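One letter stands for each residue in the lines below.
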Amino acid sequence: MLIYWVCCFLSIGAIHIVKRIRCRYLYMKQGWLSAFICSLPLFLLSALRYEVGSDYVSYREMYHIVNNSDTYRYEILYTELNRLVYRIGLSFQWVIILTSFLFLILIYKRILDDSSIPEISVFLLLGMCYFFQSTNIIRQILACAVCVYSIKYIEQKKWIKFLVAILIAFGFHKTAFIFLPAYIIYHLQIKTRYLLIAFVMIFLLAPYISSFVSFLVISTGFNHGYYLTYFTYTGTNRSATGLISLAINVLIYIFGVIYLNKDDVRNNGYMNLQYIAVLLSIFNGMFPMINRIRFFYGITAIILIPRILKCIRKYRLKRVLYTTMIMILFMAYSVYIEGISNQSGAVPYVSVFMQEGT
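Source: prediction; values computed, not measured. In every chain, residue numbers begin from 1 and rise along the written sequence. Restriction of local features to residues with pLDDT of at least 70 applies here, the model being predicted, together with a cutoff of 80 or more for giving and counting side-chain atom pairs; totals for whole chains, interfaces and linings are based on all residues. Side-chain metrics rest on all non-hydrogen atoms present in the structure, leaving aside hydrogens and water.

Take the overall build of the chain next. Secondary structure elements are defined from DSSP: runs of H or I of at least 4 residues count as helices, runs of E of at least 2 residues count as strands, and each element is numbered from the N terminus. The secondary structure content of the chain amounts to 16 helices and zero strands. C-alpha atoms define the radius of gyration, and 2.2 Å times the number of residues to the power 0.38 defines the globule rule. For 358 residues, the compact-globule estimate of 2.2 N^0.38 gives 21 Å, and the chain sits close to it at 20 Å. Expressed as lengths along the three principal axes of its C-alpha atoms, the size of the chain is roughly 60 × 60 × 45 Å. Residue burial in the chain is summarised as follows: out of 358 residues, 51% are buried. For the exposure calls, accessible area comes from a 1.4 Å probe over protein chains only, and a residue counts as buried if that area is under 20% of its type's maximum, exposed if over 50%, partly exposed in between.

Below, the structure is given as structure tokens:
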């Protein structure tokens, strides 16, 4: 995993430098050029990978399938992206290059726009394993990135642009529709005690809610195809990973309740999105693919956590201690999830230059 963290810290260094450069051609702290420059180390790492990611081979097969068929077996935008690459005579590796670019440029743009400490956000991108997931669930993580970027339109209350963004995300992965309620959720002002009561009730009733949702899916006829597995109740066998995920999301939310200034509209909005991630985490072990649904809301924690840390202003030492603790814990988490369990298939890293004949 060393190469991933080396590129992560190179990216953090790039952010640190770009924030301080004052040149009329380059100084765009929140611009697309800055986002690209800062993401470059991780972009090159992702773009030049070879058979890294559990689904890499499946996506390569998908590339050949969509280019030998006139039908839309997969989502329309992802299909057309593959066909565009094929028609101009480029190999599947260019699909990897383009999807890596799109994922990182959208995430970095949002980080530079909304994160109080963008260096920490980039660290969390790896520490919370979302970057590793981008080597595996390519379509879905790209849809997540579009949804994260769409928060800009939620903040501006531009609902038409938000809907267009969700349609684009839907064009990469159908599960993006799950982010539609975010437009309303983001602006809600609900007292913490009511949210706590709702959490306890949902936690206790989770098995019944799960079986009811599964019943609705089947009884309404939406019980065909792969995406049925996202909403098929499979019991209450929570794995260790699922419990860790629930604990992490709950702790992030509690951390925000204690320190975050919720009078700030964006702070409140990101806390609301994190609360949904907490609720979705409850259903780990009940719906087999619930974690992938949670990603749409959970990934925003890479921006929320630095905003919480920034609010600890009066106690600088405490902020340093919390930052250090968060970095240690999330590095340990990523080592367990990816380095030991290798859930995304991102380890070991292999580049296109490490293949014979290249």
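In the segment running from Val347 into Pro348, the intervening peptide bond is cis, with an omega of 0°. Relative to the helices and strands, Pro348 resides in the segment after helix 16 (316-340). With a phi angle near 55°, Lys157 is a residue other than glycine that sits in the positive phi range. On the basis of relative accessible area, Lys157 is assigned to the exposed category, the value being 58%.

Turning next to the layout of surface pockets. Put simply, the largest pocket is a space of about 480 Å³. Forming the walls of the largest pocket are 27 residues, and the residues nearest its centre are Thr241, Asn291, Arg294, Phe295 and Gln343. Where the lining of the largest pocket is concerned, the elements lending two or more residues are helix 7 (130-133), helix 12 (240-259), helix 14 (290-298) and helix 16. Of the residues assigned to the lining of the largest pocket, the class counts are 13 nonpolar, eleven polar and three charged. Both cavities and pockets are sets of points on a 1 Å grid over the protein atoms alone; in a cavity a 1.4 Å probe fits but cannot get out, in a pocket the set is open with protein on both sides within 12 Å along at least five of seven lines, and lining residues sit with an atom within 4 Å of a point. Lining the second largest pocket are 15 residues, with Leu251, Ile252, Ile326, Leu329 and Phe330 sitting closest to its centre. If you list the elements that add at least two residues to the lining of the second largest pocket, you get helix 12 and helix 16. Ranked by residues supplied to the lining of the second largest pocket, first place goes to helix 12 with eight residues. Throughout this entry, Asp, Glu, Lys and Arg are counted as charged residues, while Ala, Val, Leu, Ile, Met, Phe, Trp, Tyr, Cys and Pro are counted as nonpolar. The remaining residues, Gly among them, count as polar. Considered class by class, the residues forming the lining of the second largest pocket number 15 nonpolar, no polar and no charged. Grid points are joined across faces, edges and corners, and a volume is the space filled by probe spheres set on the points.

Any residue with relative accessible area above 30% and no salt bridge may belong to a patch, with like charges joined within 9 Å and the nonpolar Val, Leu, Ile, Met, Phe, Trp and Tyr side chains within 5 Å. The Shrake-Rupley method, run with a 1.4 Å probe sphere, supplies the accessible areas, and residue values consider only the shown protein chains as cover. Salt-bridge detection follows one rule: a side-chain nitrogen of Lys or Arg within 4 Å of a carboxyl oxygen of Asp or Glu. Among the surface-exposed residues, Ile184, Leu188, Ile190, Tyr194, Leu196, Ile197, Val200, Met201, Phe203, Leu204, Leu205 and Tyr208 lie close enough to one another that they form a single nonpolar patch of about 1200 Å² accessible area. Sorting elements by how many residues they give to the nonpolar patch places helix 11 (residues 192-219) first, with nine residues. Mapped onto the fold, Ile184 is located in helix 10 (residues 182-185). Using a relative accessible area of 59% as the deciding quantity, one classes Ile184 as exposed.

This part covers the packing of helix 6 (residues 118-127) against helix 15 (residues 301-310). Every axis corresponds to a line fitted to the C-alpha atoms, with the helix fit spanning only the stretch in contact, and the corresponding angles, defined between N-to-C directions, vary from 0 to 180 degrees. Viewed as axis vectors pointing N to C, helix 6 and helix 15 meet at an angle of 140°, and their least axial separation amounts to 8 Å. In terms of orientation, helix 6 lies oblique with respect to helix 15. Our pair here, helix 6 against helix 15, has a crossing hand that is right-handed. The segment helix 6 lies against helix 15, with Ile120, Ser121, Leu124 and Leu125 engaging Ala301, Ile302, Ile303, Ile305, Pro306 and Leu309. Among the residues making up the contact of helix 6 with helix 15, the classes are represented as nine nonpolar, one polar and no charged. What sets the label is the angle itself: under 35 degrees gives roughly parallel, over 145 gives roughly antiparallel, 65 to 115 gives roughly perpendicular, and the rest give oblique. The hand of a helix crossing depends on one turn: near helix anticlockwise from the far one by less than a right angle means left-handed, and clockwise means right-handed. In this analysis, two residues are considered to be in contact whenever any of their non-hydrogen atoms come within 4.5 Å of each other.

Taken over all residues, the pLDDT of the chain has a mean of 88, while the share at 70 or more is 90%. Ranking the elements of the chain by mean pLDDT puts helix 11 last, at 86, and helix 9 (residues 159-170) first, at 97. Every residue carries a pLDDT, the predictor's confidence in it, which falls somewhere between 0 and 100.

Time to look at the nonpolar core. In terms of nonpolar packing, the biggest core is built from 114 residues, with Leu42, Leu125, Phe179, Tyr297 and Phe330 touching the most fellow members. Among the elements that line this core, the one with the most residues is helix 8 (residues 138-155), at 13 residues. In this structure Phe330 touches Phe123, Leu124, Gly127, Met128, Ile248, Ile252 and Ile305, once residues within four positions along its chain are discounted. Nonpolar cores are built from buried Ala, Val, Leu, Ile, Met, Phe, Trp, Tyr and Cys residues. Side-chain atoms within 4.5 Å join them into one set.

In the structure shown here, the tally under the stated rule is one cavity of 30 Å³ or more. What the largest cavity holds in volume is close to 50 Å³. Looking at the largest cavity, the residues that line it are Ser46, Arg49, Thr99, Ser100, Phe103, Ser134, Ile138 and Ile141. Put simply, the parts of the chain that give the lining of the largest cavity at least two residues each are helix 5 (93-114) and helix 8. By residue class, the composition of the lining of the largest cavity is three nonpolar, four polar and one charged.

Here we come to the packing of aromatic side chains. How two aromatic rings sit relative to each other is set out by the distance from centre to centre and by the angle between their planes. Each aromatic pair joins two rings of Phe, Tyr and Trp (for Trp, the six-membered one) with centres within 6.5 Å, and gets the label stacked for planes under 30 degrees apart, edge-to-face for over 60, and tilted for any other angle. Scanning the entire structure with this criterion turns up 28 aromatic pairs. When the centroid spacing of 5.2 Å and the interplanar angle of 45° are considered together, the rings of Phe179 and Tyr297 count as tilted. Of this pair, Phe179 sits in the loop between helix 9 and helix 10 while Tyr297 sits in helix 14, and the two are 118 residues apart along the sequence. Like Tyr297, Phe179 is buried.

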